[in-house]
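Chain residues, written in single-letter form:
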Amino acid sequence: MVAFGKKLKESQIQEWQGYYINYKLLKKKVNRYAQQLEIGAQDHHYVLKDFSRMLDSQIEKIVLFLLEQQGQLANRLCDLRQQHDVILQLSNGGSKICELQEAYRGVGHDLLRLLFFVEMNAIGLRKILKKFDKRFGYRFTNYYVKTRANHPYSQLRQVFRHVGIGAVVGAISRNLADLQDHQGNYVSIYDQPALSHPDPIVHSIKAAVNKLSNSTNFLEFLGKHAFIMQDDLRSPSEDDVVEQRYHFMSLLLNLVNTFLYMVNTYIIVPTADDYSLSLGAAATVCGVVIGSMAVAQVFSSVYFSAWSNRSYLRPLVFSSIVLLIGNTLYALAYDLNSIVVLLVGRLFCGLGSARAVNRRYISDCVPHKLRMRASAGFVSASALGMACGPALACLFQTDFKIYKLTFNQETLPGWIMAISWLIYLLWLSISFREPPQEIKQDIIPQEVRAGTVVNYAVENGITQPLLLNTEPKQGENVDQEYDDGEEESCEKTRKPVTSILSAYRLLTPSVKVQLLVYFMLKYAMEILLAEASVITAYYFIWSTNSVAIFLACLGLTVLPVNIIVGTYISNMFEERQVLLASEIMVLIGILLSFHIGIPYSVPQYVGSALITFVSAEVLEGVNLSLLSRVMSSRLSRGTYNGGLLSTEAGTLARVIADGTITLSGYFGVAKLLNATLVPSLFICISSIIATCFTYNSLY
C-alpha cells in the first residue's frame, strides 16, 4: 500500500487537495488554544466544543468525498459488468478477456489510491488527537471517539471502518477470479473457491483493508493481556526484516517454553505443604518453597531481557538446562532429607524463567499481521499451563523406589518436569532457528531513523503542499518553534531506555497506579493459590487430589473469562469502568474470605476464592490493556521495556505474598487465613483509592 502511496501523481494530489484532513491548520489551532488558555482568553469548555466542531467538519468533508469516489468506482464496475456479460456470449473472446482483466485491475489500482487516502486521513486524525491530549494534559481522544464512534449517524466510523469499500473489493475479486485461468470455462469463487487464484491486485487491496481495520475483539484483548507492547514507528523496511526473521517452529518452541514454565510453577502447589512436613519443616514453609522461585525470577527477568538483545537460542538453552537441574534437585531433596536442597532446586527453577525472552521474541521476530495472534497464544499457553500444573499433580498418587530414589506424589512433579525439560532441550537444539545476527543489529537504528511512509506523508510529505496558504501567518513563529522542539526531541523519544531508573522516570502517575493495581491482583492471587493446600487441609481436611482439582478448575476459568470480557464487556463499558468494578469485586472476594465468628464452610471458601480469582483475572486483562496504550513508546524495546517492568511488579508481589504466608505461619495455622488476608485487604483498598484519584486520566 505504501508503494502505491509513493506513486500518487501530482495531478491527483492537486485534484484531491481540498479533501485531506487539514492537519497543519488543526495543529496551529491546538497551539493557539494553548496560548489562549495560558493568558485566560478562553476556557476549557469552549476549546473542547470548538475543536470538536472543527474535527466534525473535517471528517464530514472526508466522508462525503469518500462516498463520491466509491460511487464513481461502482459506476465503472457496472459498465465492466455489462462488457463482461457481452464477452460471455462470444465464442472467441480471448483478447477481450485480457482487456477486461486490465480494466478491473485499473479499478483495483484506483481503489488502492482511495484506501491510501483514507489511511492518511485516519493517521492524521489519530496524530492530531494525540497532540491535543499531549498539549492540554487530558484525554480528549477518549471523549471524542466514544461519543462519535457508536452514534447511529457517526461519520467517524466511515473513516476507520470504511463501510462500503467491501462491496467494491468483492466485485473486483469475484470478476477477476471468474476471468483468471478460466477462459471459456467460467468457475464461480462461491462454488469452487479452491480453484480461485486471487490476482496480485486483490492481495494488495485485502492487505490495505486489513491494515485499516481497527476493531475491538477478543483476539486483540487477549493479545494485550500478554503485554507485548507494539512499536508504532516500525518502517516498511523493518517489516521486511521481521518477515525474514520469522520462523514458525521457533515461535512454537517459545510458546511451549511458556507453557512448561507455568506448569513448573503450579505443579508443586497442591503438595508443597506435605513435602515441607516430610522434610521436618512446618506446613507453612510451603510459602517459601513456592516463593523461592519467584525470588529468583526477579533477577532472572533482567538478565534474560538483556541477553535477548543478542540472542534467543542461547538464553532458551540456558533456561532449559537450569530448569532441568532445578527440578532434579527438587526431586532429590526427599531422599537427601534436606529442605535446603529443596529450596535451592526451586531457586534454580526461578533462575530459568525465560518469559522475558518469550515476550521479546514475539515482539521482535513475529510479523505485525501475526503478532496479535502470537500474543494471544502466549496468554493461552500461560493459562493452560496454570491449569495443567495442579491437574497433573493429582495424577501422581503412587509410591515406589528405583534403587535409592523415591517416586511419590511429592517427588514426581520434580522428576516429570525434569524429563519434560530434557525433551524440550533436545527439541530446541534440533528445531530452533536463531534470527540472523546482522539483521537483528539493524532494527534499533532503523527505528530511530524513520517511521512509516504514511506517517511521514501526514506531517511532511504528500499532504503538506495541500495545507499551504490555508491559515494567516499570525503565530507562525511560535508554531515553528514548537515544531522544531518536536523534531529535536523526536530521536530522543524513540531511543530505548538504558537503566531501570530511566524507565521509572518515564512512568506517569496513572501508569504507576496501573502497576500498583497489577501488584495488588498478583498478590491477592498468590495468597489464594499458595496457601490453598494448607487452608483446605486445616478447615476441610481435603486430600491432595481435591486441592489439585480445585486449583485446576480455577485455572480453567482464565480463557472463558477473557473471552467474555474481550468480546462483550469491553465493548459495552469503558476499560477504566471495568477496572474499578473489578477492583471492587476483588475487595468483596477478600472480605468474604475472612473467618470471623461462624464456622468456616466449603461454600464460603470456594465462593470467595472464585470471586477473588475471576475478578483478578478480569482486572489483569483490562489493566494490561490500559498499560499497553498509556505507557511510553520508549518502553516498547530494549532491555528495560514495559514487559519487564510489569513482570517485575507481578513477581515482586508473588515474593512478598509467599513471604507473608511463611511469616504468618508463626502465629499458627488457625490464624493463617486472616493474617494473610489483612495485607491483601489493605493493598486492595489502597489501589482502589489510587484508581479513583487518577480515574479521569485512565483511558
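Residues numbered from 1 in each chain as written. Predicted model: local features only at pLDDT ≥ 70, side-chain atom pairs only at ≥ 80, totals over all residues. Heavy atoms only, no water.

Identification of the protein chain as SPX domain-containing protein from Gossypium raimondii is taken from an unreviewed UniProt entry. Quoted verbatim from the Sequence similarities (unreviewed entry) heading of the UniProt record, the comment on the protein chain is "Belongs to the major facilitator superfamily." Recorded in UniProt for the protein chain, the comment headed Subcellular location (unreviewed entry) runs: "Membrane". (UniProt positions renumbered as here; feature names shortened; annotations may be inferred.)

Q: How should I be thinking about the overall build of the protein chain in this particular structure?
A: On a plain count of helices and strands, the protein chain comes out with 32 helices and two strands. In the protein chain, which comprises 699 residues, the proportion classed as buried is 54%. Nonlocal contacts in the protein chain, meaning residues at least 24 apart in sequence, comprise 84% of its contacts between residues at least 6 apart. For the protein chain, the accessible surface area stands at approximately 30,800 Å², while carbon and sulfur atoms represent 61% of it. (Helix = DSSP H or I, 4+ residues; strand = E, 2+ residues; numbered from the N terminus. Buried < 20%, exposed > 50% of the residue type's maximum accessible area, 1.4 Å probe, protein only. Contact = heavy atoms within 4.5 Å. Areas by Shrake-Rupley, 256 points an atom, 1.4 Å probe, with all protein chains shown as cover.)

Q: Looking at this structure, how should I read helix α32 (residues 672-693)?
A: Working note: α-helix, 3.6 residues per turn, so residues spaced by three or four point in the same direction. With 22 residues, α32 should reach 32 Å at 1.5 Å per residue; the first-to-last C-alpha distance of 33 Å fits that figure. All buried positions along α32 are accounted for by Leu 672, Leu 673, Thr 676, Leu 677, Ser 680, Leu 681, Ile 683, Cys 684, Ser 687, Ile 688, Ala 690 and Thr 691. Against the buried residues of α32 lie α25 (509-530), α26 (532-539), α29 (575-593) and α31 (642-664). (Expected span 1.5 Å × (residues − 1).)

Q: For this particular structure, what's the right way to read the pairing of strand β2 (residues 405-408)?
A: Within a regular strand, the side chains alternate between the two sheet faces. By the bridge criterion, four bridges tie strand β1 (residues 399-402) to β2 in an arrangement that is antiparallel. Looking across to β2, one finds that Phe 400 is bridged to Phe 407. What sits between β1 and β2 in their antiparallel hairpin is a turn of two residues, with Tyr 403 showing a positive phi close to 60 degrees. (Pairing = 2+ DSSP bridges.)

Q: Help me out: how do you make sense of the side chain of Asp 50 in this one?
A: Mapped onto the elements of the fold, Asp 50 is located in helix α4 (residues 44-88). Sequence-distant contacts of Asp 50, that is, excluding residues within four places in its chain, are made with Lys 29 and Tyr 33.

Q: Help me understand the confidence of the model for the protein chain in this model?
A: Should pLDDT be low for a region, the predicted coordinates there are not to be read in detail. Taken over all residues, the pLDDT of the protein chain has a mean of 77, while the share at 70 or more is 72%. Residue range residues 1-11 is modelled with pLDDT below 50. Its contacts to residues more than four positions away, or to other chains, number 20 contacts. Across residues 232-237 the pLDDT falls below 50, and counting only partners more than four positions away or on other chains, this stretch makes 19 contacts in the model. (pLDDT = per-residue confidence, 0-100.)

Q: Quick question: what am I supposed to make of empty space enclosed by the protein here?
A: Rolling a probe over the atoms, with the probe sized like a water molecule, indicates the empty space that remains. All chains considered together, the criterion is met by five cavities of 30 Å³ or more. Of the volumes computed, that of the largest cavity is approximately 460 Å³. Lining the largest cavity we find 28 residues, and of these Met 262, Arg 355, Tyr 518, Lys 522 and Glu 620 sit closest to its centre. At the level of secondary structure, the elements contributing two or more residues to the lining of the largest cavity comprise α12 (248-266), α17 (355-365), α18 (368-393), α25, α30 (602-630) and α31. In terms of residue class, the lining of the largest cavity is made up of 13 nonpolar, eight polar and seven charged. (1 Å grid on protein atoms, 1.4 Å probe; cavity = no way out; pocket = protein on both sides within 12 Å on 5 of 7 lines; lining within 4 Å. Points joined across faces, edges and corners; volume = space filled by probe spheres on them. Nonpolar A, V, L, I, M, F, W, Y, C, P; charged D, E, K, R; others polar.)

Q: What is the right way to look at the packing of α12 against helix α15 (residues 313-336) in this model?
A: Each pair of packed helices can be described by the angle between their axes along with the distance between the axes. It is the contact of α12 with α15, at a shortest axis distance of 12 Å, that shows an interaxial angle of 25 degrees. In this view, α12 runs roughly parallel relative to α15, as classed from their interaxial angle. Crossing geometry of α12 relative to α15 is assigned as left-handed. Residues Asn 254, Asn 257, Tyr 261 and Asn 264 of α12 touch α15, and the partners they reach there are Leu 316, Ser 319, Leu 323 and Asn 327. Taken together, the residues of the contact of α12 with α15 sort by class into three nonpolar, five polar and no charged. (Axes fitted to C-alpha atoms, helices over the stretch in contact; angles between N-to-C directions. Parallel < 35°, antiparallel > 145°, perpendicular 65-115°, else oblique. Left-handed = near helix turned anticlockwise from the far one by under 90°.)

Q: Looking at this model, I keep getting lost on a nonpolar patch on the surface. Mind explaining?
A: Side chains of Ile 564, Tyr 568, Met 572 and Phe 573 sit close together on the surface and give an oily, nonpolar patch of about 450 Å² of accessible area. Relative to the assigned elements, Ile 564 resides in helix α28 (residues 558-572). Classification of Ile 564 as partly exposed rests on a relative accessible area of 45%. (Patch = residues over 30% accessible without salt bridge, like charges linked within 9 Å, V, L, I, M, F, W, Y side chains within 5 Å. Salt bridge = Lys/Arg side-chain N within 4 Å of Asp/Glu carboxyl O.)

Q: Would you explain the nonpolar core in this entry?
A: With 116 residues, the main nonpolar core has Met 386, Tyr 424, Leu 551, Val 586, Ile 590, Tyr 605 and Phe 613 as its most contacted residues. A total of 15 residues in this core trace back to one element, the largest contributor, which is α25. Leaving out residues up to four positions away in the same chain, Met 386 has contacts with Met 262, Tyr 266, Met 525, Leu 529, Val 558 and Phe 613. (Core = buried A, V, L, I, M, F, W, Y, C linked by side-chain atoms within 4.5 Å.)

Q: How should unusual backbone geometry be read in this particular structure?
A: The bulk of non-glycine residues show a negative phi, and the bulk of peptide bonds are trans. You will see that Tyr 403, though not glycine, has its phi angle at about 60 degrees, which is positive. Judged by relative accessible area, Tyr 403 falls into the exposed class, the value being 82%.

Q: Would you mind going over the packing of aromatic side chains with me for this structure?
A: In this description, a pair of aromatic rings is defined by centroid distance and the angle of the planes. With the rule as written, the count across this model stands at 24 aromatic pairs. Judged by centre distance (5.5 Å) and plane angle (35 degrees), the ring pair of Phe 407 and Trp 415 falls under tilted. Given a relative accessible area of 14%, Trp 415 falls into the buried group. With centroids separated by 6.2 Å and ring planes inclined at 45 degrees, the aromatic side chains of Tyr 539 and Phe 540 adopt a geometry described as tilted. The buried category is assigned to Phe 540, whose relative accessible area is 14%. A network of ring pairs unites the aromatic residues Tyr 538, Tyr 539, Phe 540, Trp 542, Phe 550, Tyr 600 and Tyr 605 as a single cluster. (Phe/Tyr/Trp six-rings, centres within 6.5 Å; stacked < 30°, edge-to-face > 60°.)

Q: What is the right way to look at the side chain of Asn 327 in this model?
A: For Asn 327, the position within the fold is in helix α15. With residues up to four places along the chain from it excluded, the contact list for Asn 327 reads Asn 264, Cys 349, Gly 414, Met 417, Ala 418 and Trp 421.

Q: Would you mind showing me how to read the environment of Leu 37 here?
A: With respect to the secondary-structure elements, Leu 37 resides in helix α3 (residues 23-39). Taking relative accessible area as the criterion, Leu 37 reaches 19% and is therefore assigned buried. Each C-alpha atom of the pair Leu 37 and Val 47 lies 8.7 Å from the other, and the pair is ten residues apart in sequence.

Q: Help me understand α29 in this model?
A: For α29, built from 19 residues, the straight-helix expectation of 27 Å at 1.5 Å per residue is met to within 8% by its first-to-last C-alpha distance of 27 Å. Residues Glu 575, Arg 576, Val 578, Leu 579, Leu 580, Ser 582, Glu 583, Val 586, Leu 587, Gly 589, Ile 590 and Ser 593 constitute the buried set of α29.

Q: Looking at this structure, I do not really get the pattern of salt bridges. What am I missing?
A: Proximity of charged atoms lets side chains of opposite charge pair with each other. Tallied over the entire structure, the rule returns six salt bridges. With a shortest N-O distance of 2.6 Å, Glu 102 and Arg 105 are connected by a salt bridge. Taken together, the residues Glu 102 and Arg 105, both in helix α5 (residues 94-136) and three residues apart, mark about one turn of the helix. What emerges from the salt-bridge pattern is a single network uniting Arg 76, Asp 110 and Arg 113.

Q: Would you explain the environment of Gly 414 in this entry?
A: With respect to the element layout, Gly 414 can be found in helix α19 (residues 412-431). Exposure remark for Gly 414: the relative accessible area of 0% places this residue in the buried category. When sequence neighbours within four positions are dropped, the list of residues in contact with Gly 414 reads Asn 327, Tyr 330 and Ala 331.

Q: Any chance you could explain the packing of helix α14 (residues 286-307) against α17 here in plain terms?
A: With their axes 8 Å apart at the nearest point, α14 and α17 run at an angle of 35 degrees to one another. Residues Gln 297, Ser 301, Phe 304 and Ser 305 of α14 form the contact with α17, whose own contacting residues are Arg 355, Ala 356, Val 357 and Arg 360.

Q: I'm lost on the state of the cysteines in this one. Help?
A: Taken as a whole, this structure holds zero disulfides when the rule is applied. Between Cys 394, a free cysteine, and Cys 553, which holds the nearest cysteine sulfur, the sulfur-to-sulfur gap is 9.8 Å. Take Cys 394: its relative accessible area is 17%, and that puts it in the buried class. (Disulfide = S-S within 2.5 Å.)

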